Amino acid sequence: MKTLLLIMLMSFSSSDDLTPKNVYAYCVEQGIQYPEIVTAQAIWETGWFSCKNCSLDKNNLFGFNTGGPYFKYDDWKDSVDAYKRWQDSYYDPQRDYYEFLACIYKTRDGRCLKYCADPESYNENLRNTILTHADSWKE
């Protein structure tokens, strides 16, 4: 009986709850390109939405900062909205998205500005997360 109640409660989650399914749906609703990849990024940046003392404490799903403290958002959807603005500012739809994360743009001295310190490993983790879990986000 307890299991049935738990399953019923989980199926009635609010669209405001922070879950991969809700993040994916909101990404799609906002017109974010490659919502599967962006959802996987949110998962990796926050340890499946359960990290402590990280950007999640500030409703920041993507670890956005300017070299100092993480940006703070009123709720997680504001963080996704910020990602959309960032994506619109920097992403050229002609590029492969994983390539984009590895080199958002080149600085004047030819260095790549990267989304993370180790793009190859990061992108592999994103691919594996999508391969293993994305079907559950799209139910």
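Residues numbered from 1 in each chain as written. Predicted model: local features only at pLDDT ≥ 70, side-chain atom pairs only at ≥ 80, totals over all residues. Heavy atoms only, no water.

(A) View of the nonpolar core. Core analysis: the biggest nonpolar cluster contains 36 residues, and Leu61, Phe62, Tyr83, Trp86, Tyr97, Leu101 and Tyr115 have the highest contact counts within it. The set of elements that each furnish at least two residues to this core consists of α2 (20-30), α3 (35-46), α4 (76-90), α5 (97-102) and α6 (119-137). (Core = buried A, V, L, I, M, F, W, Y, C linked by side-chain atoms within 4.5 Å. Buried < 20%, exposed > 50% of the residue type's maximum accessible area, 1.4 Å probe, protein only. Helix = DSSP H or I, 4+ residues; strand = E, 2+ residues; numbered from the N terminus.)

(B) Representation of the pattern of salt bridges within the structure. By the definition in use, this model includes four salt bridges. Where Asp16 meets Lys77, a salt bridge forms, and the shortest distance between an N and an O atom there is 2.9 Å. A residue pair is termed long-range when its members are at least 10 positions apart, and Asp16 in the loop between α1 (2-11) and α2 and Lys77 in helix α4 qualify at 61 residues. Where Lys84 meets Asp88, a salt bridge forms, and the shortest distance between an N and an O atom there is 3.0 Å. On the criterion of helical spacing, the pair formed by Lys84 and Asp88 is a turn pair, its members being four residues apart in helix α4. (Salt bridge = Lys/Arg side-chain N within 4 Å of Asp/Glu carboxyl O.)

(C) Broad picture of the packing of α2 against α4. The N-to-C vectors of α2 and α4 enclose an angle of 45°; their axes lie 10 Å apart at closest approach. Between α2 and α4, the angle falls in the class oblique. Relative to α4, α2 is oriented so that their crossing is right-handed. For the pair α2 and α4, the contacting residues are Asn22, Val23, Tyr26, Cys27 and Gln30 in the first and Trp76, Lys77, Val80, Asp81 and Lys84 in the second. Counted by class, the contact of α2 with α4 contains five nonpolar, two polar and three charged residues. (Axes fitted to C-alpha atoms, helices over the stretch in contact; angles between N-to-C directions. Parallel < 35°, antiparallel > 145°, perpendicular 65-115°, else oblique. Left-handed = near helix turned anticlockwise from the far one by under 90°. Contact = heavy atoms within 4.5 Å. Nonpolar A, V, L, I, M, F, W, Y, C, P; charged D, E, K, R; others polar.)

Note that all results are geometric; they support no functional claim without further evidence.
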